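Descriptive analysis of the structure
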2 protein chains.
Amino acid sequence: MRELEERIAKEGRVLSDDILKVDSFLNHQVDPDLLHDMGEEFRRLFEKEGITKVLTIEASGIAPAVMTALAFHVPCIYAKKHGSHNIGDDLYTAAVHSYTYGKDYEIAVSRPYLNSNDKVLIIDDFLANGKACEGLLEIIAQAGAVCAGIGICVEKGFQEGGAALRAKGLHVESLAIIESMQDGVLTFRH
Amino acid sequence: MRELEERIAKEGRVLSDDILKVDSFLNHQVDPDLLHDMGEEFRRLFEKEGITKVLTIEASGIAPAVMTALAFHVPCIYAKKHGSHNIGDDLYTAAVHSYTYGKDYEIAVSRPYLNSNDKVLIIDDFLANGKACEGLLEIIAQAGAVCAGIGICVEKGFQEGGAALRAKGLHVESLAIIESMQDGVLTFRH
């Protein structure tokens with residue numbers, strides 16, 4: 001998606017060979033009009049999948065997920081992280097390993113909101129090693145639902161997550177794929 | 001806002017005299033079309049305030065704040081909670097007391113995204129004791145910016161937060177105000 005790539009090129013800050021900051025428009029300060037356009041793009045990419053729910057993880061997935069749900073006119077669910085879920089005991093849960101914080105955390109979704117009739121579109125801001133997506137896939141499996149697609153704002157193409165998810169036969173679409181950030185030079189995959 | 005009150009009356013679950021769950025449409029599962037309408041309503045209520053930024057706290061404030069920012073076509077900033085902010089060292093910070101979890105937590109906003117030219121609209125899903133809003137007001141003050149309004153989805157009118165903020169002369173608008181939830185019976189203030 002050219003609009004997103006241009007924004008990353010203009011405002012993204014490469015802090016190391018694998019850390020890219022886009023917190024001026026995506027995951028701390030948010031440009032709502034850009035995210036609205038990204039939601040419309042995800043709708044176009046997944047419009048044949050019969051999506052009934054959009055699923056993400058708090059906190060940085062929420063803004064793109066809600067905009068995508070708006071484009072589809074379906075509910076958005078954001079999985080809660082352990083410690084922040086005062087959402088009762090009737091839960092699907094999964095463990096997710098965070099490389100950023102060097103530990104596992106638990107994610108939870110209230111059971112009434114996902115069931116075996118759902119065709120779920122996972123949305124997240126970043127895809128790197130794919131651990132967050134794997135946790136969400138585990139929750140979708142517990143619900144007996146189907147993962148009908150995975151929509152990513154920014155994929156780090158030099159990490160293994162995207163290839164692993166596509167190797168499972170999942171329909172993965174990333175609006176921008178970073179090929180490399182070596183020596184501070186950012187290149188996209190097309 | 002009638003649409004929101006009707007939704008609370010239909011789907012809200014009163015778990016005690018002061019706990020109301022609205023996680024089927026507001027803060028776990030989210031109805032994006034309802035939140036879009038709420039964003040438009042906040043724009044109508046604050047349209048004379050010259051809003052330049054929308055400010056909230058992760059995670060449950062993000063969805064209504066982003067929809068409000070979309071209605072105003074201004075950036076949305078969500079303050080990060082301590083432990084989740086890998087947003088650098090150049091921060092405004094404030095302490096917020098959480099009654100839900102019985103402890104203080106730190107919120108942080110990256111300094112480049114708020115400055116003395118900003119007229120800030122605070123948006124949050126709930127207003128009860130007002131501690132989250134006080135933390136955001138502290139950050140706005142550190143930036144030398146102005147709080148031009150506070151927009152709340154659901155105010156617990158029987159707690160002190162709303163009255164305290166209005167007593168400071170702040171422009172507070174709540175889309176639904178709960179008068180009482182005693183004995184499981186939910187009544188609205190009009």
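Residues numbered from 1 in each chain as written. Chains lettered and ligands numbered in written order. Predicted model: local features only at pLDDT ≥ 70, side-chain atom pairs only at ≥ 80, totals over all residues. Heavy atoms only, no water.

1. Some points on the pairing of strand E4 (residues 53-57) of chain A
Residue and element names in this part refer to chain A. Just so we agree on the cut-off: Here the term buried applies to any residue with accessible area under 20% of the maximum for its type, exposed to any over 50%, and partly exposed to those in between, with areas from a 1.4 Å probe on protein chains only. Numbering goes from the N terminus for both helices and strands, where a helix is a DSSP run of H or I of at least four residues and a strand is a run of E of at least two. Only strands that DSSP links by at least two bridges are regarded as paired with each other. The handedness of a crossover follows from its direction of travel: if, with the strands pointing away from the viewer, the path from the first strand over the helix to the second runs clockwise, the crossover is right-handed.
Extensive coverage of E4 is indicated by the burial of five of its five residues. As judged from the three bridges shared by E4 and strand E8 (residues 119-127), these two strands associate in the parallel manner. Looking at E8, one finds that Val54 is bridged to Leu121. With four bridges joining them, E4 and strand E5 (residues 76-81) adopt parallel strand pairing. In the strand pairing of E5, Ile57 is matched with Ala79. With respect to chirality, the unit in which E4 leads through helix H3 (residues 62-72) into the neighbouring parallel E5 is right-handed.

2. Observations concerning the interface of chain A and chain B
Which entries qualify depends on this criterion: Contacts between residues were defined by any pair of non-hydrogen atoms, one from each residue, lying within 4.5 Å. A simple way to read buried area is as the amount of 1.4 Å-probe accessible surface that goes missing from two parts once joined, with both sides added. By definition here, a salt bridge exists when the distance from a side-chain nitrogen of Lys or Arg to a carboxyl oxygen of Asp or Glu is within 4 Å. For the purposes of these results, a polar contact is taken to be a pair of N or O atoms within 3.5 Å, where, inside protein, one atom must be able to donate a hydrogen and its partner to accept one; residues adjacent in sequence count only when each atom of the pair is a side-chain atom. Note that Gly is not counted as nonpolar here; it falls among the polar residues with everything else outside the nonpolar set of Ala, Val, Leu, Ile, Met, Phe, Trp, Tyr, Cys and Pro and the charged set of Asp, Glu, Lys and Arg.
Contacts between the two partners involve 41 residues from chain A and, on the opposite side, 41 residues from chain B. Of the roughly 3200 Å² buried between chain A and chain B, counting both surfaces, carbon and sulfur atoms make up 57%. Per-residue buried area on chain A facing chain B is highest for His28, Gln29 and Tyr113 of chain A; these three make up 22% of the total on that side. Inspection of the region where chain A meets chain B yields zero salt bridges. Our count for the chain A to chain B interface comes out at 16 residue pairs in polar contact (both at pLDDT 80 or more). For the side of chain A that touches chain B, the elements supplying multiple residues, two or more each, are strand E3 (29-30), helix H2 (32-46), H3, E5 and strand E7 (103-110) of chain A. It is H3 of chain A that provides the largest number of residues to the side of chain A that touches chain B, a total of six residues. Partitioning the side of chain A that touches chain B into residue classes produces 21 nonpolar, 13 polar and seven charged.

3. Considerations on the pattern of salt bridges
All names here are of chain A. Using the criterion set out here, one finds 20 salt bridges over all chains in the structure. Notably, a salt bridge pairs Asp90 with Arg111, separated by 3.7 Å at the nearest N-O pair. A residue pair is termed long-range when its members are at least 10 positions apart, and Asp90 in the loop between E5 and strand E6 (91-98) and Arg111 in the loop between E7 and E8 qualify at 21 residues. We classify Arg111 as partly exposed; its relative accessible area is 37%.

4. Things to note about H2 of chain A
Residue and element names in this part refer to chain A. For the record, the criterion: The span you would expect from a helix comes to 1.5 Å times its residue count less one. In this context, the arc is that of the directions from the helix axis out to the C-beta atoms.
With 15 residues, H2 ought to run about 21 Å at 1.5 Å a step, and its terminal C-alpha atoms sit 21 Å apart, in line with that. Taken residue by residue, H2 has Pro32, Leu34, Leu35, Met38, Gly39, Phe42 and Phe46 as its buried positions. Down the axis of H2, the smallest arc covering the buried residues is 150°, so these residues share one side.

5. Quick look at the confidence of the model for chain A
For the record, the criterion: A residue's pLDDT is the predictor's confidence in that residue, given on a scale from 0 to 100.
Taken residue by residue, chain A gives an average pLDDT of 95. The fraction at 70 or more is 97%. Here the predicted complex carries an ipTM of 0.96, next to a pTM of 0.97.

6. Overview of the relation of the copies chain A and chain B
Quick reminder of the rule: For this overlay, a least-squares fit was computed on C-alpha atoms, restricted to residues scoring pLDDT of at least 70 in both copies.
Least-squares fitting of chain A to chain B yields an RMSD of 0.0 Å, with the superposition described by an axial translation of 0.0 Å and a rotation of 180°. A rotation of that kind, with that shift, is consistent with a two-fold axis. Rotation axis and chain A: the residue whose C-alpha lies nearest the axis is Ala59 of chain A, separated from it by 2.5 Å. An overlap of 100% is found between the interface residues of chain A and their copies at the interface of chain B, pointing to a shared contact surface.

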